[in-house]
Amino acid sequence: MKIKTKLIIGLGSIISIILILSTTVFYTLTTQNSYLRDVVMENYERVSVAEQLKYETNTIVREVRELLLSTSESDVNEKITIINQSETNLKVLFDRLQRTESFDMEKRILVSSIHNLHESYVDMIQNVISLVTTGNEVEARSYLLQENQELRKNMIEEVDEFAELEEQAMMVALSESEEAYQNAVIFLVVFIGAALLLIIFITYSIVKSISKSINNVSNVMKNVSTYSTTHLPRIDVTTKDEIGDIARAYNAMAESLEIISKQEKQVADALKEENWIKSRYAELAMKFQGIKELNEFGKTIMTNIAQFVKATYGVIYIKDEGRAFRKIAAYAREDKDVGVNQVQFGQGLVGQCAEDNKMMHIDHLPQGYITTSSGLGAATPSSLILIPIEFEGDVLGVIELAKFEPFSHSETRILEQLSRASGTSIERILDHMKIEELLVESQTQSEELQTQSEELQQQQEELRLINEQLQEQYKQLDEKAKELELIKKDLEEKNRNIKLGSRYKSEFLANMSHELRTPLNSLLILSQMLAENAERNLTAKQIDHAATIYASGRDLLDLINDILDLSKIESGKIDVYAEEVLISDVKAFVERQFAPVSNQKGVEFKLKVDSDTPTILFTDDQRLKQILKNLLSNAFKFTTKGCVELHIKKGKEEDGFKVVFSVIDTGIGISKEKQKSIFEAFYQEDGTTSRKYGGTGLGLSISRELSELLGGYIRVESIEGNGSTFTLYLSDYDGYVDLAMQEVAGTVEGEAIVLESDQDDAITKQNSFDQMDIQKETIQEQLSNKMVLVVDDDMRNVFALTTALEKQKMKVVFAENGKEALEVLENHTSIDIILMDIMMPEMNGYETMQAIRKEEKWADLPILALTAKAMKSDKEKCINAGASDYISKPVNMEQLLSLIKVWLHK
Ligand code: ADP
């Protein structure tokens, strides 16, 4: 139990005892007091009543006697009044007595007897009084004497007896209360005594229990100094109170003190060991100083180390040049020759220790592992230790030691330290040995150098001579370099000339294109008209001639277009207009183009598109169609029986191409050697081919160039006589590649002029006209009586156009140049449409169109520009100058008429 609880319980019970005690004392005193008062009051009252009774009786007796002796009436009356008064008082007294309950039987009988006596006496007195009042005093006196004597005597006696009884009772009560008081005092004394004893007992037991545990603790603590700090006494804790807590705290403290002192001891031991190791180390280090030779070092270290650790056997191995370790010294108390002479790196325990660079410790050596013999006998050591000698991470050697007992911790540690010191020493000795070696070497070398220096002087002389020769050669080279510089300049000049030449070539081609197209224009128009034989006055032969002229003209036009195309591609200035091309659209195009050819030649035309072919290819629609058209034309050209097939399929993923177009024919085929050259410009298999099949030998070169421009290529496979397959591989067009190619080409070609051909337009325009499918007759209807103004300086053209247009019942006026055209326009207000040539003297087509458009009245007048389209961007120029549309020369009449019709209709 806690001391606090004990004290609370002890003091609490003492206070309770005192409280009970005081309450009891107070109660006893109060009871005693009231009892006493009761006794005194009651008994006293009854005694006083008895006394009054006596007094009133005596008063009556006395007054009656005096009444008899009285003479005067007043006196009598006075006496009677007194007697009556006393009687009344007596009556009251009796009443009180009879009502008193505390009377015992005897008293009650006595009181009633007194009462009876008194009543008799009162009756008698009343008789006496009445006798007196009636004047019979004598009679009254005798009566009184007779009667009164006995009665009065009894009454007084009894009253006295009663009074005496009461007095006695009072005395008894008094003595009783005295006794009760005595008892109460005794009780209080005993009670207080007992309480005091109880308090003393409680106090004592509390003090005792506290002091006992305190003593227990203090005794242990007092004796602490006599114990060692590693084994301090503990307090036997039995209580759970505050002293118990102190004891437990003490125990904990003692325990930690013990731990601390143990640790201190360990530290001290370690310091001692460290000191020992240090001094051994210093001792050995001293001995190492001045040793310049490995064997001596080995001997010193082995003898000392073995003694330090009391080993009976030891060997030291030092690393040789290679990976082997050589024994340099051994130690054995008697037998000096122990251990093998050489150990390989990694071989056996020694080799292993060197390889691991880690100390090895073996405590239970097998019997006979090594034997140490002495003069008295031989025994096997039980413990073996191997220590690597290390310097900057390299193992320079290994020390092996053996002894009978296990190596202690401090021994192991000193071995470790010494091995480290030995590393430095060995390194120093090795360095020293090396230096000596080097010294000898350098001496030899310096002798050699002496000889070499002489040789060098000789060589220097030779070199001087060579140098002079070289200088001579350098001079010659310099002259050559100057010559080369001149040649380079010359070449640059030539290069410039070549560029200029290329420019002239392009310009020449442009001019030639124009110059050829203009006469071709009239040639084609007129020959076509002739062939149509509208007047019906030509013979079949003449018609045939006209048709041949027309066909030759068209061939010539094709050739011009091909040459221009190739020239443009070669100059690298061709533009690619890539867009999303529907494969289905390509298919429809070739079908439209070649179905009639197939029919005409009687060669089947197959068109196959694989179902997994991509539906859209991002490329230049016109260029793609141009290539396919070329390949298919060739296929039909060189095939007379069997079939021509266009197979469109999905490209193989590994090739990296999206769509593959194969043109397969069953025609004449191409031999292996010729397959190499067919893509070269102007190539034809042999002279006869062109004669037999026609063609220019440019189609394939153009196709190849175009396919490369679009980022693809063409391959041919063919077996002579068995047909050919031309395959075009294409992917989505990548503008960057093309741009890069253009840049490269641009730098090569410099200022070369780029030429335009109408090949592309011819295709699209032809298509649109095909689709329109306008009958010649309806055209004529719509054109008749319309007024057309032809502006051209070439009379042949004017003539041809006029003839053709008039055939359509159109009215034709013409002007030779721009100026004249404006004049004609002013005079003929009814002109419906103008055909405007571009290349004209004085005022060319562009200027004329601009002048016309300036006038508001001619703002909506249709103007069709006729352009040779030799220069790039001619089309744009035409539209910008105010042309409604354009058509290239030589004019295809059908196209022209359709175009006129369209514009008139608008
Ligand atoms: P050409 O206008 O003469 O046809 P191309 O460059 O288109 O010029 O063709 C060059 C030559 O390649 C042709 O003259 C012909 O000898 C050969 N050649 C081209 N396509 C075929 C083919 N489908 N079958 C056999 N020979 C072909």
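Our structure is the block above this text.
A brief structural summary. (Residues numbered from 1 in each chain as written. Predicted model: local features only at pLDDT ≥ 70, side-chain atom pairs only at ≥ 80, totals over all residues. Heavy atoms only, no water.)

## Overview of the nonpolar core
Argument step 1. With 41 residues, the main nonpolar core has Leu624, Leu628, Leu632, Leu646, Phe661, Phe726 and Leu728 as its most contacted residues.
Argument step 2. For this core, the secondary structure elements donating two or more residues are helix 9 (540-570), helix 10 (583-601), helix 11 (621-637), strand 12 (643-650), strand 13 (659-665), helix 14 (699-709), strand 14 (713-718) and strand 15 (724-730).
Argument step 3. A per-element tally of this core places helix 11 first, with seven residues.
Argument step 4. Membership of the second largest hydrophobic core comes to 35 residues, among which are Val49, Met124, Leu144 and Val159. (Core = buried A, V, L, I, M, F, W, Y, C linked by side-chain atoms within 4.5 Å. Buried < 20%, exposed > 50% of the residue type's maximum accessible area, 1.4 Å probe, protein only. Helix = DSSP H or I, 4+ residues; strand = E, 2+ residues; numbered from the N terminus.)

## A look at the sheet that holds strand 18 (residues 833-837)
Paired through backbone hydrogen bonds, the strands of a sheet run either parallel or antiparallel to each other.
Argument step 1. Read from one edge of the open sheet, five strands run 17-16-18-19-20, paired in parallel fashion. The strands lining the two open edges of the sheet, one partner per strand, are strand 17 (811-815) and strand 20 (885-888). Sheet twist, expressed as the mean angle between neighbouring strand axes with direction ignored, is 20°.
Argument step 2. Two strands pair when backbone bridges link them, and strand 18 and strand 19 (residues 863-867) are joined in this way by four bridges, in the parallel orientation. Note on strand 19: the bridge partner recorded for Asp837 is Leu866.
Argument step 3. Each of strand 16 (787-791), strand 17, strand 18 and strand 19 touches helix 18 (residues 795-807); the most contacted strand, strand 17, lies at about 165° to it. (Pairing = 2+ DSSP bridges. Axes fitted to C-alpha atoms, helices over the stretch in contact; angles between N-to-C directions. Contact = heavy atoms within 4.5 Å.)

## Focus on the packing of helix 5 (residues 242-288) against helix 6 (residues 294-309)
Argument step 1. Their axes nearest at 10 Å, the elements helix 5 and helix 6 cross at an angle of 160°. Considered as vectors, helix 5 and helix 6 are oriented roughly antiparallel to each other. Our pair here, helix 5 against helix 6, has a crossing hand that is right-handed. Listed contacts from helix 6 to Trp276, Arg280, Glu283, Leu284, Lys287 and Phe288 of helix 5 are Phe297, Thr300, Ile301, Asn304, Ile305 and Phe308.
Argument step 2. Tallied by class, the residues present in the contact of helix 5 with helix 6 amount to seven nonpolar, two polar and three charged. (Parallel < 35°, antiparallel > 145°, perpendicular 65-115°, else oblique. Left-handed = near helix turned anticlockwise from the far one by under 90°. Nonpolar A, V, L, I, M, F, W, Y, C, P; charged D, E, K, R; others polar.)

## A look at a nonpolar patch on the surface
Argument step 1. A cluster of nonpolar side chains, Leu36, Val40, Tyr44, Met171 and Leu174, forms an exposed patch at the surface whose accessible area comes to about 460 Å².
Argument step 2. Elements supplying a minimum of two residues to the nonpolar patch: helix 1 (3-69) and helix 4 (137-222).
Argument step 3. A total of three residues in the nonpolar patch trace back to one element, the largest contributor, which is helix 1.
Argument step 4. Its place among the elements puts Val40 in helix 1. (Patch = residues over 30% accessible without salt bridge, like charges linked within 9 Å, V, L, I, M, F, W, Y side chains within 5 Å. Areas by Shrake-Rupley, 256 points an atom, 1.4 Å probe, with all protein chains shown as cover. Salt bridge = Lys/Arg side-chain N within 4 Å of Asp/Glu carboxyl O.)

## Brief notes about helix 22 (residues 893-905)
Argument step 1. Along its 13 residues, helix 22 runs 18 Å from first to last C-alpha, staying within 8% of the 18 Å computed at 1.5 Å per residue.
Argument step 2. Residues Met893, Gln895, Leu896, Leu897, Ser898, Leu899, Ile900, Lys901 and Trp903 constitute the buried set of helix 22.
Argument step 3. Measuring from the side-chain oxygen of the N-cap residue of helix 22 to the backbone nitrogen of Glu894 gives 3.0 Å; that N-cap residue is Asn892. (Expected span 1.5 Å × (residues − 1). Polar contact = N/O pair within 3.5 Å; in protein donor to acceptor, adjacent residues only side chain to side chain.)

## Here's the deal with the environment of Leu415
Argument step 1. Take Leu415: it is sitting in helix 8 (residues 409-532).
Argument step 2. Between the alpha carbons of Leu415 and Phe308 there is a distance of 9.0 Å; along the sequence they are 107 residues apart.
Argument step 3. Ignoring any residue separated from it by four or fewer positions in sequence, one finds Leu415 in contact with Ile305, Val309, Met359, Ile385, Ile387, Leu401 and Phe407.

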